[in-house]
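# Commentary on secondary and tertiary structure
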Amino acid sequence: MIDLYYYLIFIPLGYIVGSINFATIIAKIKNKDIKHIGSGNPGTMNMLRSVGKFWGCLTFVLDCAKGISFALIGRFVFKDNNLAMYVLGLSTVLGHIFSCFSKFKGGKGVATSLGAFAVISPITFAVAFTLMIGYLAFFKKGFIGSLMAICILVITNIVRNCLVRDNYYYVCLILLVLWLGLIFWTHRSNFKRIKNNTENSLSLFG
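As the structure is a computational prediction, the values presented were derived from the model and not from experiment.

## Regarding a nonpolar patch on the surface
Judged by side-chain polarity, Ile 16, Ile 20, Ile 25, Ile 29 and Phe 101 come together as a nonpolar surface patch covering roughly 470 Å² of accessible area. Looking at where Ile 20 falls in the secondary structure, it is placed in the loop between helix 1 (2-18) and helix 2 (22-29).

Here it is, written out as structure tokens:
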């Protein structure tokens, strides 16, 4: 019963914190409207391309922090409960994608997801993040590197849950599949652009 009260408190709070769009805030400080430049997406990749690498990296760190903070709440308040970390981490991702401060429109949820998984699976996160940066160093399609990292993290967690099979095994699997599907859904415009050979390029170290 106590856990239920905590969920009722932290899920909406996670959504509200997740709804804070740092790309929009930082771009406004730079006298830019991130929703009307570049790809129009208020997220890390567009900030890197359209506002500057420093500001894009700052956006990434702040968006990651949203996922990190609520996954940590899931870890310590719920005592290393995987389900709690998934639920609270996902609540911030939903806020980021469907921001209540921006008419339920936001970013694509990658950085916030990475932040949550950095707490949930730190070793796998380190591997996935390194591979993502390595990909971005040699190839110019940023969203593919992002999706690759998310796929590694989600699939690894699915396998881990299949091996452990705790009391919330099925619920965790459903959440992870929905999480991955949601991230792919947010990138549907990228898939259309790459099909039409109009996808934006990103030179991370250039």
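From this point on, the discussion continues.
## Re helix 6 (residues 110-120)
For helix 6, a buried count of 10 out of 11 residues is recorded, marking the element as mostly surrounded by other parts of the structure. Among the residues making up helix 6, those that are buried are Val 110, Ala 111, Thr 112, Ser 113, Leu 114, Gly 115, Ala 116, Phe 117, Val 119 and Ile 120. Where helix 6 is buried, its residues touch helix 3 (44-50), helix 4 (53-77), helix 5 (82-97), helix 7 (122-138), helix 8 (142-164) and helix 9 (169-186).

## Quick word on helix 5
Between its terminal C-alpha atoms helix 5 stretches 22 Å, which fits the 22 Å expected from 16 residues at 1.5 Å a residue. The buried count for helix 5 comes to 15 of 16 residues, which makes it a mostly enclosed element. At the N-terminal end of helix 5, a side-chain oxygen is found 2.8 Å from the backbone nitrogen of Leu 83, two or three residues along, and the residue is Asn 81.

## So, the packing of aromatic side chains
For the structure on display, the rule yields 12 aromatic pairs. Measuring from ring centre to ring centre gives 4.9 Å for Tyr 135 and Phe 139, while their planes differ by 25°; the resulting arrangement is stacked. By relative accessible area, which is 18% here, Tyr 135 ends up buried. Through pairs of rings, three or more aromatic residues link up here, namely Tyr 6, Tyr 7, Phe 10 and Phe 78. One Lys or Arg, Arg 188, reaches over the ring of Trp 185 and ends 3.9 Å from the middle of that ring.

Reading the values: rules and limits
- Sequence order as written defines residue numbering, which begins from 1 separately in each chain.
- Where totals are concerned, whole chains, interfaces and linings use all residues; where local detail is concerned, this predicted model gives features only for residues with pLDDT of at least 70, and gives and counts side-chain atom pairs only at 80 or more.
- Side-chain metrics rest on all non-hydrogen atoms present in the structure, leaving aside hydrogens and water.
- Put simply, a patch holds well-exposed residues, over 30% relative accessible area, that have no salt bridge, with like charges counted together within 9 Å and Val, Leu, Ile, Met, Phe, Trp or Tyr side chains within 5 Å.
- Only the protein chains shown count as cover for residues, and all accessible areas are computed by the Shrake-Rupley method using a 1.4 Å probe.
- When a carboxyl oxygen of Asp or Glu is within 4 Å of a side-chain nitrogen of Lys or Arg, the pair counts as a salt bridge.
- Labels follow the DSSP assignment, with helices taken as runs of H or I lasting at least four residues and strands as runs of E lasting at least two, numbered in each case from the N terminus.
- Buried residues are those whose accessible area, probed at 1.4 Å on protein chains only, stays under 20% of the maximum for their type, while exposed residues exceed 50% and partly exposed ones sit between those limits.
- Residue contacts are defined here by distance: any two heavy atoms, one from each residue, within 4.5 Å place the two residues in contact.
- Each helix should span, by expectation, one fewer than its residue count multiplied by 1.5 Å.
- For the purposes of these results, a polar contact is taken to be a pair of N or O atoms within 3.5 Å, where, inside protein, one atom must be able to donate a hydrogen and its partner to accept one; residues adjacent in sequence count only when each atom of the pair is a side-chain atom.
- Put simply, two rings from Phe, Tyr or Trp (the six-membered ring, in Trp's case) pair if the centres are within 6.5 Å, and we call them stacked under 30 degrees between planes, edge-to-face over 60, tilted for the rest.
- Comment: the charge-over-ring label is applied if NZ (Lys) or CZ (Arg) is within 6 Å of the ring centre and within 35 degrees of the ring normal.

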